[in-house]
Amino acid sequence: MIISVLSQKGGAGKSTLARGIAVEYIKAGWDVQVADMDVTQQSTVRWSERRDELKIKPSVETAMYRTPTSAIKAESIYDLLIVDGTPYATQDTLKLAEKSDLIVIPTGVTYDDLEPSLKLGQELALKAEVDRSKILFVVMKVPESGEKEAMSSKKSIKGFGFQVVDTWMPFKTAYGKAMDSGYSMSETRFASLNEKAGNILEAIANHVKTEESEEV
């Protein structure tokens, strides 16, 4: 199975989600690899190295891939391949989308964040002919007291015919600090933030289960 976390621009929370999904599936007993497609920054590979250096469990296997073809080949080796896409959409993004069982698109609440995210979703649905049911949006980095903005973003996403996770991820420095230390979005020092992150990750996993049951 392939879950691809894709975005049209950097800083949307793509790597945060990819790492979080990986940790939770590994904890559930899945054999998982994260495919880091950003050959320039290699941020997820380096995050995994920090995690191993600090002996944080579970360990998360990551690998650097330059092309979607090489990444997709890894699917046969693992129960789950999680693709941490490039910080911008390319032609390769469409190739990955075509082979993915689920595409997760993170977006912020500002117009500058939401517009390119919706554009990416539309391109995947039209150019790559991905069924919209396999595209799931997650609203990320919501500012304090930003419930109204988060709800408005969700409404806009649904208006374009896409599905979106009910809850959202608040903008908190604790998430970034956790990443810097090799932890995932559900492994911060604060139980309340871990719960919010966990709810998002659970919603993603449940969406995968729904898709699988509909295909049977």
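Look above for the structure.
Here's what I pulled together on the structure shown here. In this text, all values refer to a predicted model and were calculated from it rather than measured experimentally. For every chain, the first residue of the written sequence is number 1, and numbering continues from 1 onward in sequence order. This being a predicted model, a pLDDT of at least 70 is required before a residue's local features are given, and a value of 80 or more before pairs of side-chain atoms are given or counted; all residues contribute to the totals for chains, interfaces and linings. Side-chain metrics in this entry use all non-hydrogen atoms of the structure; hydrogen atoms and water are not considered.

Description of the overall build of the protein chain
Phase 1 of the analysis: Per the convention used, a helix needs a DSSP run of H or I reaching at least four residues, while a strand needs a run of E reaching at least two, with both numbered from the N terminus. Regarding its fold elements, the protein chain presents eight helices and seven strands.
Phase 2 of the analysis: Against the 2.2 N^0.38 benchmark of 17 Å for 216 residues, the protein chain shows a C-alpha radius of gyration of 16 Å, consistent with a compact globule.
Phase 3 of the analysis: Along the three orthogonal principal directions, the C-alpha set of the protein chain runs to about 45 × 40 × 35 Å.
Phase 4 of the analysis: Taken over 216 residues, the protein chain has a buried fraction of 53%.
Phase 5 of the analysis: Between two residues, a contact is recorded if the distance between any of their heavy atoms is within 4.5 Å. Sequence separation of 24 or more characterises 75% of the internal contacts of the protein chain that already satisfy a separation of 6 or more.
Phase 6 of the analysis: Exposure was quantified through the Shrake-Rupley algorithm and a 1.4 Å probe, taking into account, for residues, occlusion by the shown protein chains and nothing else. Of the accessible surface of the protein chain, which amounts to about 10500 Å², a share of 48% is contributed by carbon and sulfur atoms.
Phase 7 of the analysis: His residues and chain termini do not enter the charge count, which takes Lys and Arg as positive and Asp and Glu as negative. Where a charge lies is defined by one atom per residue type: Lys uses NZ, Arg uses CZ, Asp uses CG and Glu uses CD. Charged side chains of the protein chain number 27 positive and 32 negative; the gap between the two group centres comes to 4 Å. Only the C-alpha atoms count toward the radius of gyration. The rule for a globule is 2.2 Å times the residue count to the power 0.38. Summary of the burial criterion: residues with accessible area below 20% of their type's maximum are buried, those above 50% are exposed, and those between are partly exposed, where the area comes from a 1.4 Å probe applied to protein chains only.

Observations regarding the side chain of Thr 188
Phase 1 of the analysis: In this structure, Thr 188 sits in the loop between α7 (173-180) and α8 (191-215).
Phase 2 of the analysis: The definition of a polar contact used here is a pair of N or O atoms within 3.5 Å, where within protein one atom must be able to donate a hydrogen and the other to accept one, and adjacent residues in sequence count solely through side-chain atom pairs. A polar contact of 3.1 Å, which involves the side chain of Thr 188, links it to the backbone nitrogen of Phe 190.
Phase 3 of the analysis: When residues no more than four places from it in sequence are discounted, the contact partners of Thr 188 are Ala 174, Tyr 175, Ala 178, Leu 193 and Asn 194.

Observations regarding the pattern of salt bridges
Phase 1 of the analysis: A carboxyl oxygen of Asp or Glu within 4 Å of a side-chain nitrogen of Lys or Arg is what we treat as a salt bridge. Tallying each qualifying case throughout the model produces five salt bridges.
Phase 2 of the analysis: Where Lys 14 meets Asp 84, a salt bridge forms, and the shortest distance between an N and an O atom there is 2.7 Å. Taken together, the residues Lys 14 in helix α1 (residues 14-27) and Asp 84 in strand β4 (residues 80-84) connect sequence positions 70 residues apart. Of the two residues, Lys 14 and Asp 84, both sit in the buried class.

Here we look at the sheet that holds strand β3 (residues 61-64)
Phase 1 of the analysis: If you walk across this open sheet you meet the seven strands as β3-β2-β4-β1-β5-β6-β7, and the pairing is parallel. With partners counted over all chains shown, the strands left at the sheet margins are β3 and β7 (163-164), one partner each.
Phase 2 of the analysis: Across five bridges, strand β5 (residues 102-107) lies against strand β6 (residues 135-139) in parallel orientation. For Ile 105, the partnering residue across the bridge sits in β6 and is Phe 137.
Phase 3 of the analysis: The axes used here are C-alpha line fits, helices contributing only the stretch in contact, and every angle between their N-to-C directions lies in the interval 0 to 180 degrees. Docked against the sheet, helix α2 (residues 43-53) engages β2 (32-36), β3 and β4, running at close to 145 degrees with respect to β3. Two strands pair under a simple rule: DSSP has to find at least two bridges between them.

Concerning the nonpolar core
In a soluble, globular protein the nonpolar side chains are often hidden away together inside.
Phase 1 of the analysis: Here the nonpolar core consists of buried residues drawn from Ala, Val, Leu, Ile, Met, Phe, Trp, Tyr and Cys, with membership extended through side-chain atoms lying within 4.5 Å. Within the largest apolar cluster, 34 residues are counted, with the highest numbers of intra-cluster contacts made by Ile 3, Leu 17, Tyr 25, Ile 82 and Ile 204.
Phase 2 of the analysis: Every element with two or more residues in this core is listed here: β1 (2-5), α1, β2, β4, β5, β6, α7 and α8.
Phase 3 of the analysis: Tyr 25 has contacts with Met 1, Ile 3, Trp 30, Val 32, Leu 80, Ala 205 and Val 208, leaving out every residue within four places of it along the chain.

Details of α7
Think of an α-helix as turning once every 3.6 residues; residues three or four places apart then point the same way.
Phase 1 of the analysis: Turning to α7, its buried residues number three or more, namely Ala 174, Tyr 175, Ala 178 and Met 179. Buried residues of α7 fall within an arc of 140 degrees about the axis and therefore sit on the same side. Exposed residues on α7 whose side chains face more than 90 degrees from its buried face are Thr 173, Lys 177 and Asp 180. Of all possible arcs, the one meant is that of the directions from the helix axis to the C-beta atoms.

Some thoughts on the environment of Thr 62
Phase 1 of the analysis: Along the chain, Thr 62 turns up in strand β3.
Phase 2 of the analysis: If sequence neighbours within four positions are ignored, Thr 62 has contacts with Gln 33, Val 34, Thr 44, Val 45 and Ser 48.

Quick notes on the packing of helix α4 (residues 91-99) against helix α5 (residues 111-126)
Phase 1 of the analysis: Close contact between α4 and α5 brings their axes to 10 Å; oriented N to C, the two are set at 60 degrees. Classed by the angle they form, the pair α4 and α5 counts as oblique. Classified by chirality, the crossing of α5 by α4 is right-handed. Contacts between α4 and α5 involve Thr 93, Leu 94 and Ala 97 on the former and, on the latter, Leu 120, Glu 123 and Leu 124.
Phase 2 of the analysis: Asp, Glu, Lys and Arg are counted as charged, while Ala, Val, Leu, Ile, Met, Phe, Trp, Tyr, Cys and Pro are counted as nonpolar; the rest, among them Gly, fall into the polar class. Among the residues forming the contact of α4 with α5, the class breakdown is four nonpolar, one polar and one charged. The cut-offs work like this: below 35 degrees is roughly parallel, past 145 is roughly antiparallel, 65 to 115 is roughly perpendicular, and the gaps in between are oblique. Throughout, a crossing is termed right-handed when the near helix is turned clockwise from the far one, and left-handed when it is turned anticlockwise from it by less than a right angle.

Topic: the pairing of β6
A regular strand places its side chains so that they alternate between the two faces of the sheet.
Phase 1 of the analysis: The element β6 is largely enclosed, with a buried count of five among its five residues.
Phase 2 of the analysis: Neither face of β6 is left uncovered, since the one carrying Ile 135, Phe 137 and Val 139 and the one carrying Leu 136 and Val 138 both have all their residues buried.
Phase 3 of the analysis: Crossovers are marked right-handed if the path from the first strand over the helix to the second runs clockwise, as seen with the strands pointing away from the viewer. Handedness of the crossover joining β5 and β6 through α5 is recorded here as right-handed.
Phase 4 of the analysis: One ladder, built from two bridges, connects β6 with β7; its direction is parallel. The partner of Phe 137 across the bridge, within β7, is Val 164.
Phase 5 of the analysis: Handedness of the crossover joining β6 and β7 through helix α6 (residues 147-159) is recorded here as right-handed.

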